[in-house]
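Results of the structural survey
Chain by chain, the residues:
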Amino acid sequence: MKNLYKTLTFCALAALPLSYSSCSDDFIQEELVAVLTQERYNSPEGIEELVNGAYEGLRFHFNYEWSYVLTNYGTDTFTNGGGTNHIKWNQYSSELDATESDNLAPYWNNMYAQINLANIGISKIPEVLADSPSLKDTRMGELYFFRGFNYYNLVTQFGDVPISTEPITTDRADFPRQPKADVFNLLIDDLTKAVEMLPTEETQEGRLTKAAARHFLAKAYLTRASELNAEITQPNDLQMAATIADQVISERSLATNYYDIFNYTAVNGPNEQLSEILLAAQFDNTQALLGRYGNQTHLYFLSVYRFFPGMTRNLADGREFQRLKPTEYGLDNFDRVNDSRFYKSFQTSYIAQNTNSVPRWTAATAPSPDLIGELKFNVGDTAAIYVVNEPGDTRFTPDYKATLAPLVVARYAVDANGNQTTDYNISTYPSLLKYADPFRTNFNDAKGTRDGIIARLGETYLIAAEAYGRMGQYGTALGYINDLRERAAYKAGEDRGYVYYLTETEVDFDTQTSTSEAMQATEAYFTPGTPEANSQLYPTGAGSKADLFVEFILNERARELMGEFYRWVDLTRTERLISRAKAFNPDAAANVSEKFLLRPVPQSYLDALKIDGASLSPNEKQAMQNPGF
């Protein structure tokens, strides 16, 4: 599939129906490989190019800063780090309005460019591929998926949005927003058709299958059944979500080790072809096919490490844009003693790259006299470690840290006066390592090469679990949750690493017993008043068992899917954004309000929109805008 991607300018493929200035936006300024006319799509070769262009559209979600701005900022799991380019999205400040053009308009415009591309193909394929019924069904299934997928992205960000199901070949501006009920009906119908038409197995690496379509169909039903959409929820939505998710689970298998999902060992390597990965945007190290951006998500979750002793910026540790800093909730939501997902998701140690600024052992700190005056570590040794400890931990005084070879960066430390302090700050914190990319051309290269995971089976398990739990079938829901928690448990004989043993004081060094039993969840975890429920990090105010189950599943999604570009939608669809941002994200707490359950509709769309041939008045634009903006 990688070699099928073409660098296309979608404005050359199809006129955008909703904002005529979008072709000048940076996100779509790719080198023009071929100017394709509508007539080109009257041939089988043209249809192949069109469908491949639709796959190219998946890369958008990993190309630039909208990848995290619209998905992780302003939530309970991440706040902003020292890279403050887009912090209005995290802090919900007054600058976040309909005129924002760095992320909001590009997202809107790209989704509609993709939808129009799908509409063109859907209109032409029945005739062009009439003599190839199997290929016709596959290509139609792919485009129905892409149209449904893009409408899902739009409705979960904006609510009511314009609907277009016919090709737009000339400039048009008469596309008013339509009720979200109609949008959900359309995207569910599209995804249902995709399930029917797509093959069970990939015909080529990266191409769609029934499993990917079913995953998003189940997700769509679950989203419509969530609190934000209560007025349009249909009676069978939860059962449909559960049943369809079950089908996906029966067809695919989880990766044995959670770490394997994100362990990027080689370009196009085996870990990018795991059965767990249902759909991924395809990237590789072919520079001519990476486009302007490549996969840039490797940049955004990294804190500054290059000033540590023995460290300099390098390929393995990445280029630190420090956009996203985990919240205290993001760190503490994990049972770090028993749940391996924490240490397999965050980087807690760095390997020395040079001996610059490396301190030397002194008579007071050296572990043996023969080391006095020697470097505390050399190239290839551990240079720095992050300790994610608890508030009562008073070990990390200056004197104690001086007895350890690497630099110790402790969440809870003690200063020279005996006062508890922290070594963390806005630029110094554990980095999420899920998107590390050591196969770029050099350490400053922003163009990432690794695939961008859009859907994986771990989330399908959680979709099934949430659907069954919302129907009151808690035992069934826990079965799916505990399958994931079983995988997350440390296995017997599994080494947990030096930082783990140093940090987790209740575990003896070199302990390698299984934590499977400790990881098993029960109904007590979401039964009000139980010790197990009280030990969970829940916002105040959740009362009933049904309410606590939703809070519990959100905690589970945070553990399994940390930083995987779903969180804002998870919190808005469940109407937990306000309570959780206030409880767990101090930078968002002051300003978050009900209006932020939806994004502002781009001003560029409202300015271009015409009704009955006339532009909208200011009052009409306000009426067309989401409440509060």
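Scroll up for the structure.
I will try to describe carefully the structure that is included in this document. (Residues numbered from 1 in each chain as written. Predicted model: local features only at pLDDT ≥ 70, side-chain atom pairs only at ≥ 80, totals over all residues. Heavy atoms only, no water.)

1. A closer look at the overall build of the chain
Threshold: Note on conventions: DSSP H or I runs of at least 4 residues are helices, E runs of at least 2 residues are strands, and numbering of each starts at the N terminus. Our radius of gyration is a C-alpha quantity, and the globule rule it is checked against amounts to 2.2 Å times the number of residues to the power 0.38. Think of it in three bands: with a 1.4 Å probe and only protein chains considered, a residue is buried below 20% of the maximum accessible area for its type, exposed above 50%, and partly exposed in between. Residue contacts follow a heavy-atom distance rule, with two residues in contact if any of their heavy atoms lie within 4.5 Å.
When helices and strands are counted, the chain shows 24 helices and 13 strands. Taken against the 2.2 N^0.38 rule, which gives 25 Å for 629 residues, the C-alpha radius of gyration of the chain at 25 Å falls within 12% of a compact globule. For the C-alpha atoms alone, the extent of the chain along its principal axes is close to 85 × 55 × 50 Å. A buried classification covers 60% of the 629 residues belonging to the chain. Considering only residue pairs separated by 6 or more positions, the chain has 70% of its internal contacts joining residues 24 or more positions apart.

2. Observations regarding the sheet that holds strand E7 (residues 407-410)
Put simply, the rule is: At least two bridges found by DSSP between two strands is the condition for calling them paired. Angles shown run from 0 to 180 degrees and are taken between the N-to-C directions of axes, each axis being a line fitted to C-alpha atoms and, for helices, limited to the stretch in contact.
Read from one edge of the open sheet, three strands run E5-E6-E7, paired in mixed fashion. The two strands at the open ends of the sheet, each matched to only one other strand, are strand E5 (349-351) and E7. In this sheet, neighbouring strand axes are inclined to one another by 10 degrees on average, regardless of whether the strands run parallel or antiparallel. As judged from the three bridges shared by E5 and strand E6 (residues 382-387), these two strands associate in the antiparallel manner. Bridge pairing in E6 links Tyr350 to Ala384.

3. Considering the packing of helix H14 (residues 457-470) against helix H15 (residues 474-488)
The line we're drawing: Reported orientations rely on four angle classes, namely roughly parallel under 35 degrees, roughly antiparallel over 145, roughly perpendicular from 65 to 115, and oblique for the rest. In a left-handed crossing the near helix is turned counterclockwise from the far helix by less than a right angle, and in a right-handed crossing that turn is clockwise.
Running from N to C, H14 and H15 cross one another at 160 degrees; their axes reach a closest spacing of 7 Å. Here H15 runs roughly antiparallel to H14, going by the angle between their axes. The way H14 lies across H15 gives a crossing that is left-handed. The residues of H15 that touch H14, namely those facing Gly458, Tyr461, Leu462, Ala464, Ala465, Tyr468 and Gly469, are Tyr474, Thr476, Ala477, Tyr480, Ile481, Asp483 and Leu484.

4. Comments concerning the packing of aromatic side chains
Note the threshold: Geometry of aromatic contacts follows a simple scheme: Phe, Tyr and Trp rings, the Trp one being its six-membered ring, pair when their centres are within 6.5 Å, and the pair is stacked under 30 degrees between planes, edge-to-face over 60, tilted otherwise.
Summed over all chains, the structure comprises 47 aromatic pairs. Judged by centre distance (5.0 Å) and plane angle (90 degrees), the ring pair of Phe342 and Tyr343 falls under edge-to-face. For the residue pair Phe342 and Tyr343, the accessibility class agrees, reading buried in each case. Three or more aromatic residues link up through ring pairs in this structure, and these residues are Phe334, Phe342, Tyr343, Phe346, Tyr490, Tyr498, Tyr500, Tyr501 and Phe509.

5. A closer look at the nonpolar core
Basically, it comes down to this: We define a nonpolar core as any set of buried Ala, Val, Leu, Ile, Met, Phe, Trp, Tyr and Cys residues linked to one another through side-chain atoms lying within 4.5 Å.
If you look at the biggest cluster of nonpolar residues, it comprises 164 residues, and the most contacted ones within it are Leu143, Phe145, Tyr151, Leu154, Leu187, Leu279 and Phe526. The dominant element in this core, judged by the number of residues it contributes, is helix H6 (residues 104-128), at 12 residues. Once residues lying within four places of it in the same chain are set aside, the contact partners of Leu279 are Leu58, Phe145, Gly206, Leu208, Ala212, Phe216, Gly452, Ile453, Ile454 and Ala455. Core analysis: the next-biggest nonpolar cluster, separate from the first, contains seven residues, Ala255, Ile261, Ile277 and Ile453 among them.

6. Observations regarding the pairing of strand E2 (residues 277-281)
Counting buried residues along E2, five of its five residues qualify, which places the element largely inside the surrounding structure. With four bridges joining them, E2 and strand E11 (residues 452-456) adopt antiparallel strand pairing. Paired with Ala281 across the two strands is Gly452, which belongs to E11.

7. Digging into the side chain of Asp317
Operational definition: Identification of polar contacts relies on pairs of N or O atoms within 3.5 Å, with a donor-acceptor requirement for protein atoms, meaning one able to donate a hydrogen and the other able to accept it, and with residues adjacent in sequence counted only if both atoms are side-chain atoms.
Relative to the helices and strands, Asp317 resides in the loop between E2 and strand E3 (324-326). In this structure the side chain of Asp317 is engaged in a polar contact, spanning 2.8 Å, whose partner is the side chain of Gln347.

8. Quick look at helix H19 (residues 545-560)
Short version of the rule: Expected span of a helix: the number of residues minus one, times 1.5 Å.
With 16 residues, H19 extends 22 Å from end C-alpha to end C-alpha; this agrees with the ideal 22 Å at 1.5 Å per step. Of all 16 residues making up H19, 13 are buried, and the element is well covered by its neighbours.

9. Quick notes on the environment of Lys180
As for its placement among the helices and strands, Lys180 is situated in helix H8 (residues 180-197). Take Lys180: its relative accessible area is 13%, and that puts it in the buried class. The sequence separation of Lys180 and Gln353 amounts to 173 residues, and the corresponding C-alpha distance is 53 Å. Once residues within four sequence positions are removed from consideration, Lys180 is found in contact with Val155, Gly159, Asp160, Leu228, Asn229, Glu231 and Ile232. At 2.9 Å, the side chain of Lys180 forms a polar contact with the side chain of Asn229.

10. Description of the pattern of salt bridges
Keep this limit in mind: By convention in these notes, a salt bridge is any Lys or Arg side-chain nitrogen within 4 Å of a carboxyl oxygen on Asp or Glu.
Evaluation of the coordinates by the stated rule reveals 47 salt bridges. Residue Arg59 is joined to Glu56 by a salt bridge in which the shortest nitrogen-to-oxygen separation is 3.7 Å. In terms of burial, Arg59 and Glu56 fall into one category: buried. The salt bridge partner of Arg567 is Asp76, with a shortest N-O separation of 2.8 Å. With Arg567 in helix H20 (residues 567-573) and Asp76 in the loop between helix H4 (66-69) and strand E1 (78-80), this pair connects stretches of sequence that are 491 residues apart.

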